[in-house]
Amino acid sequence: MHNFDLCSAAIGDAIPAISLPELSRTTLALFAGASGDHNPIHIDIDFARKAGLDDVFGQGMLCMAYMSRLVTDIAPLEKIRDFATRFISITQIHARLTCLGQVVEKMTVEGEDRVRLSLVVQDENDDVKLQGYAVIAVQ
Amino acid sequence: MLDKKYIGLELGSHEFEIEPGRLKFFNQVIGQANPVFTDEAAAIAAGYPGLPVPPSFYFTMYMEQENVWGWLDTLGIELEEVLHGSQDFAFHKPAFAGQTVTLTARITDIFEKKGGTLGFVIKEITVSDTAGYLLATQKVTLVMRRQGGNQENA
């Protein structure tokens, strides 16, 4: 856990980033088992080629799980109200991903003070893979 | 063409038993090293009744069911056409290892863009505890490339 204080954070403040090791076939295989998504397009190169692709590609939800660590690193689970993402582009095998986020809004909803974070997962070429957000309750 | 008659199609319910071993495996694979998520003693010291469910694990709870892609056959879609477009979680109450939850899904919208070459299916999934209390909701957008959108095979 980081000591980033969401309460006192200002709009525009960056939250601590996360860098991932190169995305390996091993990780895709293990995530297929761990996540319950057994779609062979992520783990079976024969299937991917028959579908017209050059290779397997990373599960969007694996990247979303990496993105979730940005949030759980700075906020307790029970304070997370919303967590969402769009899947912008395919995550290629061997991608070197970075997860980034920043505070974009402070608001009060249903009497509760909340902070909205904009979140991104991008590869080594700064190509955006996921664009998302989280809303977190603060004191 | 995706048939809009499937808007509202109930995709059924299933139960998922949240097991600590599965949570530990999931967290290991995604590189989550915070002991609150992986060590029961740390979770309890943090005031939780057991290992807490991490935010994106609710997707896993949905995937773990018989014939999870059966509805694709109903709609005439091939799995290889499908891409995950978006995923939204709204959390109402946390969940923990040791609980059994019920997930219920339905198709809430179907539409097309770009002259029918891109099809969209929206699913909504609720996650409830054994008392019927709503723990979380998920909204999933799936995108399919339809006729004219598929690339030639090598």
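The structure presented is a predicted model; accordingly, all values stated were derived computationally and were not measured. (Residues numbered from 1 in each chain as written. Chains lettered and ligands numbered in written order. Predicted model: local features only at pLDDT ≥ 70, side-chain atom pairs only at ≥ 80, totals over all residues. Heavy atoms only, no water.)

**Considerations on the overall build of chain B**
Here is step 1 of the chain: Along chain B, the regular secondary structure elements total 5 helices and 5 strands.
Here is step 2 of the chain: Listed by position from the N terminus, the elements making up chain B come as β-α-α-α-α-α-β-β-β-β.
Here is step 3 of the chain: For chain B, the C-alpha atoms occupy an extent of roughly 55 × 40 × 25 Å along the three principal directions.
Here is step 4 of the chain: Within chain B, the fraction of its 154 residues that count as buried is 49%.
Here is step 5 of the chain: Distance between charge centroids for chain B: 7 Å, based on 12 positive and 19 negative side chains. (Helix = DSSP H or I, 4+ residues; strand = E, 2+ residues; numbered from the N terminus. Buried < 20%, exposed > 50% of the residue type's maximum accessible area, 1.4 Å probe, protein only. Lys, Arg positive; Asp, Glu negative; His and termini not counted. Charge placed at Lys NZ, Arg CZ, Asp CG, Glu CD.)

**Notes on the pattern of salt bridges**
Here is step 1 of the chain: Taken as a whole, this structure holds 9 salt bridges over all chains when the rule is applied.
Here is step 2 of the chain: With a closest N to O distance of 2.9 Å, Asp55 of chain A and Arg25 of chain A form a salt bridge. In this pair, Asp55 of chain A is assigned in the loop between helix H2 (45-50) and strand S2 (57-58) and Arg25 of chain A in helix H1 (residues 25-35), connecting sequence segments 30 residues apart.
Here is step 3 of the chain: On the basis of relative accessible area, Arg25 of chain A is assigned to the partly exposed category, the value being 40%.
Here is step 4 of the chain: The shortest N-O distance in the salt bridge between Lys93 of chain B and Asp129 of chain B comes to 3.9 Å. Separated by 36 residues along the polypeptide, Lys93 of chain B in the loop between strand S2 (82-91) and strand S3 (100-113) and Asp129 of chain B in the loop between strand S4 (118-128) and strand S5 (134-145) bring together distant segments of the chain.
Here is step 5 of the chain: One connected set of salt bridges, linked through shared partners, spans Arg81, Glu110, Glu112 and Arg114 of chain A. (Salt bridge = Lys/Arg side-chain N within 4 Å of Asp/Glu carboxyl O.)

**What to know about the confidence of the model for chain B**
Residues and elements named next belong to chain B.
Here is step 1 of the chain: Of all residues in chain B, 95% have pLDDT values of 70 or greater, and the mean over the chain is 94.
Here is step 2 of the chain: Here residues 148-154 is modelled with pLDDT under 50, and outside its nearest four sequence neighbours on either side it reaches 8 contacts, counting other chains as well.
Here is step 3 of the chain: As a predicted assembly, this complex carries a pTM of 0.95 together with an ipTM value of 0.97. (pLDDT = per-residue confidence, 0-100. Contact = heavy atoms within 4.5 Å.)

**Focus: the interface of chain A and chain B**
Here is step 1 of the chain: With 40 residues of chain A at the contact, the number on the chain B side is 34 residues.
Here is step 2 of the chain: Both sides of the chain A and chain B interface together cover about 3,000 Å² of buried area, and 63% of this is carbon and sulfur.
Here is step 3 of the chain: The tally of links from chain A across to chain B stands at 0 salt bridges.
Here is step 4 of the chain: Of all the secondary structure elements, the ones that give two or more residues to the side of chain A that touches chain B are H1, H2, helix H3 (60-72) and strand S3 (80-87) of chain A.
Here is step 5 of the chain: Looking at the side of chain A that touches chain B residue by residue, the class counts come to 23 nonpolar, 10 polar and 7 charged.
Here is step 6 of the chain: Pairing of S3 of chain A with S2 of chain B, which is carried by 5 bridges, proceeds in the antiparallel orientation. Looking across to S2 of chain B, one finds that Ala84 of chain A is bridged to Asp88 of chain B. (Buried area = accessible area lost by both parts, 1.4 Å probe. Nonpolar A, V, L, I, M, F, W, Y, C, P; charged D, E, K, R; others polar. Pairing = 2+ DSSP bridges.)

**Some words on the environment of Leu6 of chain A**
Residue and element names in this part refer to chain A.
Here is step 1 of the chain: Here Leu6 lies in the segment before strand S1 (14-19).
Here is step 2 of the chain: For Leu6, a relative accessible area of 6% corresponds to the buried category.
Here is step 3 of the chain: Leu6 sits 100 residues away from Lys106 along the chain, and the two C-alpha atoms are 9.9 Å apart.
Here is step 4 of the chain: Dropping the residues within four chain positions of it, Leu6 is found in contact with Ile74, Ala75, Val103, Lys106, Val115, Leu117, Ile136 and Val138.

**Focus: the nonpolar core**
Here is step 1 of the chain: Core analysis: the biggest nonpolar cluster contains 89 residues, and Leu6 and Phe83 of chain A together with Met61 of chain B have the highest contact counts within it.
Here is step 2 of the chain: Per-element tally for this core: the top contributor is H3 of chain A, with 9 residues. (Core = buried A, V, L, I, M, F, W, Y, C linked by side-chain atoms within 4.5 Å.)

**A word on the sheet that holds strand S5 (residues 98-109) of chain A**
Here is step 1 of the chain: Sheet architecture is open: 10 strands sit in the order S1(A)-S5(A)-S6(A)-S7(A)-S3(A)-S2(B)-S5(B)-S4(B)-S3(B)-S1(B), paired in antiparallel fashion. The sheet is open, and its two borders are formed by S1 of chain A together with strand S1 (10-17) of chain B, each paired with just one other strand. Across this sheet, the average inter-strand angle for adjacent strands is 20 degrees, counted without regard to direction.
Here is step 2 of the chain: Sheet topology places S1 of chain A next to S5 of chain A; 4 bridges connect them, and they run antiparallel. The partner of Ile18 of chain A across the bridge, within S5 of chain A, is Cys99 of chain A.
Here is step 3 of the chain: The sheet strands contacting H3 of chain A are S1, S3, S5, strand S6 (112-122) and strand S7 (128-137) of chain A together with S2 of chain B, and the helix crosses S3 of chain A at an angle near 145 degrees. (Axes fitted to C-alpha atoms, helices over the stretch in contact; angles between N-to-C directions.)

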